[in-house]
Amino acid sequence: MDEPSPPVPAATLVILRERTGAAPELLMVERAHAMAFAGGATVFPGGRVDPGDVALAAHLGGEPDDTAARIAAIRETIEEAGVPIGIVPPPDVDQLAAMRAALHGGTTIGAALEAGGFTLDLAALVPFARWLPTHRERRVFDTRFYLARLPEAAPDPVVDATETVDAVWASARSVLDDAVAGRRHVIFPTRRVLDRLAEYTSFADAATDAAAFPIRTVSPWVEDRGGVPHLCIPDDLGYPITAEVLADVLRG
């Protein structure tokens, strides 16, 4: 049997849009059904860390893997949804369109930023979680999750119609309800993150809770409970639901 491929470094961005008197809304995108990983799933914007992200991280300093993942989360959110997070100064509509077109054309994030006279505010991203599935029958991503507050006057999301085919603002609870009702396809890691996000009343609340737990890699395992296999995660990382019947799990 061939040796499994090493995990692919990836990053995803959980953007919170605060609302007076209501739970924050999250930017969720629907992946194209033709995508090899999580086709048709409702997820947070994100994707793999590419060589341009790694190169810019080496220039900026900090912990290399974390810095590269933050850069990837920012880049992927622009590519997939057209929403700029952590870009200084905030680009106007034309500047954002030019940056997005350049990234889609293969320009590195470093070159795109330099061309527009922009820098990155990586502190705008708050580390939240890290997931690395243990099943090895297909491509596996080592994904870092970051939180960010939606900036004022940020543009409405616009999907790229290639990797993503829909974008919505919705509360964590409403996405979970849609998943239970079969209206959305939500894979196991996204569900568990949404369980946690559903408990927050603001971005500050989410950031405080994120700081209260270590960023320890979550690698789910299968455990027999009363004769029924469950997919489980640690119970000390802030997740309110830590097990799901394996037959009900959607992995992507």
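The paragraphs below set out a description of the structure included in this document. For clarity, every value in this text was computed on a predicted model and none was experimentally measured.

## Looking at the overall build of the protein chain
So, step 1. A tally of regular secondary structure across the protein chain gives seven helices and 12 strands.
So, step 2. Over its C-alpha trace the protein chain gives a radius of gyration of 18 Å, about what one expects of a compact globule, namely 18 Å for 252 residues.
So, step 3. Taking the principal axes of its C-alpha atoms as reference, the protein chain extends roughly 60 × 55 × 35 Å.
So, step 4. Among the 252 residues that make up the protein chain, the fraction classed as buried is 49%.
So, step 5. Considering only contacts in the protein chain between residues 6 or more positions apart, those separated by 24 or more positions represent 64%.

## A look at the nonpolar core
So, step 1. Counting 36 residues, the largest nonpolar core has Leu13, Ile15, Ile87, Met99, Leu113 and Leu120 as the members making the most contacts within it.
So, step 2. Secondary-structure elements contributing two or more residues to this core are β1 (8-19), β2 (22-31), α1 (51-60), α2 (64-81), α3 (93-104), α4 (109-116) and β8 (141-149).
So, step 3. In this structure, Ile15 is in contact with Glu25, Leu26, Leu27, Thr77, Val83, Ile85, Ala148, Arg149, Leu150 and Trp169, ignoring residues within four places of it in sequence.
So, step 4. Within the second largest apolar cluster, 32 residues are counted, among which are Val186, Ala206, Val218 and Val249.

## Section: the sheet that holds strand β10 (residues 221-225)
So, step 1. If you trace the three strands from one edge of the open sheet to the other, you get β10-β11-β12, paired in antiparallel fashion. Strands at the two margins of the open sheet, each flanked by one partner only, are β10 and β12 (243-245). The mean inter-strand angle of the sheet, taken between neighbouring strand axes irrespective of direction, is 40°.
So, step 2. In this sheet, strand β11 (residues 228-232) lies alongside β10 in antiparallel orientation, the contact comprising five bridges. When the bridges of β11 are listed, Trp221 appears paired with Cys232.

## Overview of α2
An α-helix turns once per 3.6 residues; consequently, residues spaced three or four apart project the same way.
So, step 1. Taking 1.5 Å per residue, 18 residues should reach 26 Å; α2 reaches 26 Å between its end C-alpha atoms and fits that length.
So, step 2. Within α2, 16 of the 18 residues are buried, leaving the element largely enclosed by the surrounding structure.
So, step 3. Residue Glu63 occupies the N-cap position of α2, its side-chain oxygen lying 3.2 Å from the main-chain nitrogen of Asp65.
So, step 4. Looking one or two residues past α2, Gly82 carries a phi angle of roughly 70°, positive in sign.

## Some thoughts on the packing of α1 against α2
So, step 1. In the contact formed by α1 and α2, the axes pass within 8 Å of each other and the chain directions differ by 125°. With respect to α2, the element α1 is oriented oblique. Here α1 and α2 pass one another in a crossing that is right-handed. On the side of α1, the interface is formed by Asp53, Val54, Leu56, Ala57 and Leu60, while α2 contributes Pro64, Thr67, Ala68, Ile71, Ala72 and Arg75.

## Here's the deal with the pattern of salt bridges
So, step 1. Applying the stated criterion across every chain, the model contains 16 salt bridges.
So, step 2. Note that Arg149 is salt-bridged to Glu18, the shortest N-O span being 3.3 Å. Placement of Arg149 in strand β8 and of Glu18 in strand β1 is noted, with a sequence separation of 131 residues between them.
So, step 3. The class of Arg149 is partly exposed, set by a relative accessible area of 41%.
So, step 4. Given the relative accessible area of 39%, Glu18 is considered partly exposed.
So, step 5. In this structure, Glu76 and Arg75 form a salt bridge, with 3.2 Å as the shortest nitrogen-oxygen distance. Comparing Glu76 with Arg75, the two get one shared label, buried.
So, step 6. Salt bridges sharing common partners tie together Asp50, Asp53, Arg75, Glu76 and Glu79.

What counts, and where the lines are drawn
Residues numbered from 1 in each chain as written. Predicted model: local features only at pLDDT ≥ 70, side-chain atom pairs only at ≥ 80, totals over all residues. Heavy atoms only, no water. Helix = DSSP H or I, 4+ residues; strand = E, 2+ residues; numbered from the N terminus. Rg over C-alpha atoms; globule rule 2.2 N^0.38 Å. Buried < 20%, exposed > 50% of the residue type's maximum accessible area, 1.4 Å probe, protein only. Contact = heavy atoms within 4.5 Å. Core = buried A, V, L, I, M, F, W, Y, C linked by side-chain atoms within 4.5 Å. Pairing = 2+ DSSP bridges. Axes fitted to C-alpha atoms, helices over the stretch in contact; angles between N-to-C directions. Expected span 1.5 Å × (residues − 1). Polar contact = N/O pair within 3.5 Å; in protein donor to acceptor, adjacent residues only side chain to side chain. Parallel < 35°, antiparallel > 145°, perpendicular 65-115°, else oblique. Left-handed = near helix turned anticlockwise from the far one by under 90°. Salt bridge = Lys/Arg side-chain N within 4 Å of Asp/Glu carboxyl O.

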